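# Remarks on the overall topology
Residues per chain are reported as follows:
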Amino acid sequence: MQRHDLNRDDATIRYWTGGLDDGPALVLLHGATLDHDAWNSQVDALTSRHRVVVPDLRGHGESTGPTQFTFDDAVGDIAALLDHLDLTRIGLIGLSLGGNIAQEIVYRDPGRVAALVIADSTCNTVPRDSLQAPLTIASLHGLGILGRDAFLHATATLTAQDPAVQRYVHAVNRTRSTQDTIQILTSMLTGALHPD
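Residues numbered from 1 in each chain as written. Predicted model: local features only at pLDDT ≥ 70, side-chain atom pairs only at ≥ 80, totals over all residues. Heavy atoms only, no water.

### Overview of the pattern of salt bridges
Using the following cut-off: Should a side-chain nitrogen of Lys or Arg be within 4 Å of a carboxyl oxygen of Asp or Glu, the pair is scored as a salt bridge. Helix and strand definitions follow DSSP, with helices as H or I runs of at least four residues and strands as E runs of at least two, each counted in order from the N terminus. For every residue, the accessible area obtained with a 1.4 Å probe (protein chains only) is divided by the maximum for its type, and the residue is called buried under 20%, exposed over 50%, and partly exposed between those limits.
Applying the stated criterion across every chain, the model contains ten salt bridges. Among the ionic pairs, Arg-58 bridges to Asp-10, the shortest N-O distance being 2.9 Å. A residue pair is termed long-range when its members are at least 10 positions apart, and Arg-58 in the loop between strand S4 (51–55) and helix H2 (71–84) and Asp-10 in the loop between strand S1 (2–7) and strand S2 (12–19) qualify at 48 residues. A residue is classified by how much of its surface remains accessible, and Arg-58, at 3% relative accessible area, is buried. Of the residues examined, Asp-10 reaches a relative accessible area of 38% and is grouped as partly exposed.

Below is the structure:
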């Protein structure tokens, strides 16, 4: 995989490309607080048949960005990356927060995506009780009161049962504060969900 940078007004989006230059393009979007390494096994399996693009979302992994993560800015970054790479009719694959971003890309520009795969993500447009997002945000803040180590342990345990994946979640979040994690998740809950 080759490493590249996409410079935005307030962030640098680091992304990796590999596989067949003329193969069907797949773009893989990782979950909240993770990075491109979440897709290593899939990248290994896909590069022999596809052009693969794997970005780090703003404020994640090797990408930069303001301390305040916003869902809309992250969607804009991915749309700009697709424009920069002149990618249309792609396969768009999203995990968790990446799945919410993928849904929003399709919502805003459905012709850009030929296939969509969403894993472990809520539907952006499903009707919800008006208290669902605020109660989830309150629960996150309550979990944050337990302290950084307990919060990180809880998020790793909720993310995966596999101890190796839990270790990855710990490692990739070793410098991220609990408040930053809560802010990223809150931005998804307040920015991505629009029942219509």
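### Overview of the packing of helix H5 (residues 148–159) against helix H6 (residues 163–172)
Keep this limit in mind: Orientation is described by lines fitted to C-alpha atoms, with helices fitted over the stretch in contact, and by angles between N-to-C directions that extend from 0 to 180 degrees. Angle categories: roughly parallel below 35 degrees, roughly antiparallel above 145, roughly perpendicular from 65 to 115, and oblique for all the rest. Rotating anticlockwise by less than a right angle from the far helix to the near helix defines a left-handed crossing, while the corresponding clockwise rotation defines a right-handed one. Note on definitions: a residue-residue contact is assigned when non-hydrogen atoms from the two residues lie within 4.5 Å. Here the term charged refers only to Asp, Glu, Lys and Arg, the term nonpolar to Ala, Val, Leu, Ile, Met, Phe, Trp, Tyr, Cys and Pro, and the term polar to all other amino acids, Gly among them.
Relative to each other, H5 and H6 sit at 140°, their axes nearing to 9 Å. Between H5 and H6, the angle is such that the two are oblique. H6 is crossed by H5, and the crossing has right-handed handedness. Across the interface between the two elements, Leu-152, His-153, Ala-156, Thr-157 and Thr-159 from H5 touch Gln-166, Val-169 and His-170 from H6. For the contact of H5 with H6, the class distribution of residues is three nonpolar, five polar and no charged.

### So, H5
Here is the rule: Here a helix's expected span is defined as the number of its residues, less one, multiplied by 1.5 Å.
Its twelve residues place the ends of H5 16 Å apart at the C-alpha level, agreeing with the 16 Å of an ideal helix rising 1.5 Å per residue. Restricting attention to buried positions, one finds in H5 the residues Phe-151, Leu-152, Ala-154, Thr-155 and Ala-156. The inward-facing, buried residues of H5 contact helix H4 (132–144), H6 and helix H7 (178–191).

### Some thoughts on the packing of H2 against helix H3 (residues 97–108)
Two numbers describe a pair of packed helices, the interaxial angle and the distance between the axes. With their axes 10 Å apart at the nearest point, H2 and H3 run at an angle of 65° to one another. Classified by the angle their axes make, H2 and H3 are roughly perpendicular. Of the two possible hands of crossing, H2 and H3 adopt the one that is right-handed. Facing H2, whose interface residues are Phe-71, Asp-72, Ala-74, Val-75, Ile-78, Ala-79 and Leu-82, H3 presents Leu-97, Asn-100, Ile-101, Glu-104, Ile-105 and Arg-108. Across the contact of H2 with H3, the residue classes break down as nine nonpolar, one polar and three charged.

### Some points on the layout of surface pockets
The gaps left among the atoms become clear once a water-sized probe is rolled over them. Filter applied, for reference: As defined here, a cavity is a set of points on a 1 Å grid over the protein atoms alone where a 1.4 Å probe fits but cannot get out. A pocket is an open set with protein on both sides within 12 Å along at least five of seven lines, and residues line them when an atom is within 4 Å of a point. Grid points are joined across faces, edges and corners, and a volume is the space filled by probe spheres set on the points.
Approximately 980 Å³ is the volume found for the largest pocket. When residues in the lining of the largest pocket are grouped by element, the largest group, six residues, is from H5. Per-class residue counts for the lining of the largest pocket are 19 nonpolar, 15 polar and five charged. Gly-59, His-60, Arg-176, Asp-180 and Ile-184 are, among the 16 residues lining the second largest pocket, the residues nearest its centre. It is H7 that contributes the most residues to the lining of the second largest pocket, three residues altogether. For the lining of the second largest pocket, the class distribution of residues is four nonpolar, nine polar and three charged.

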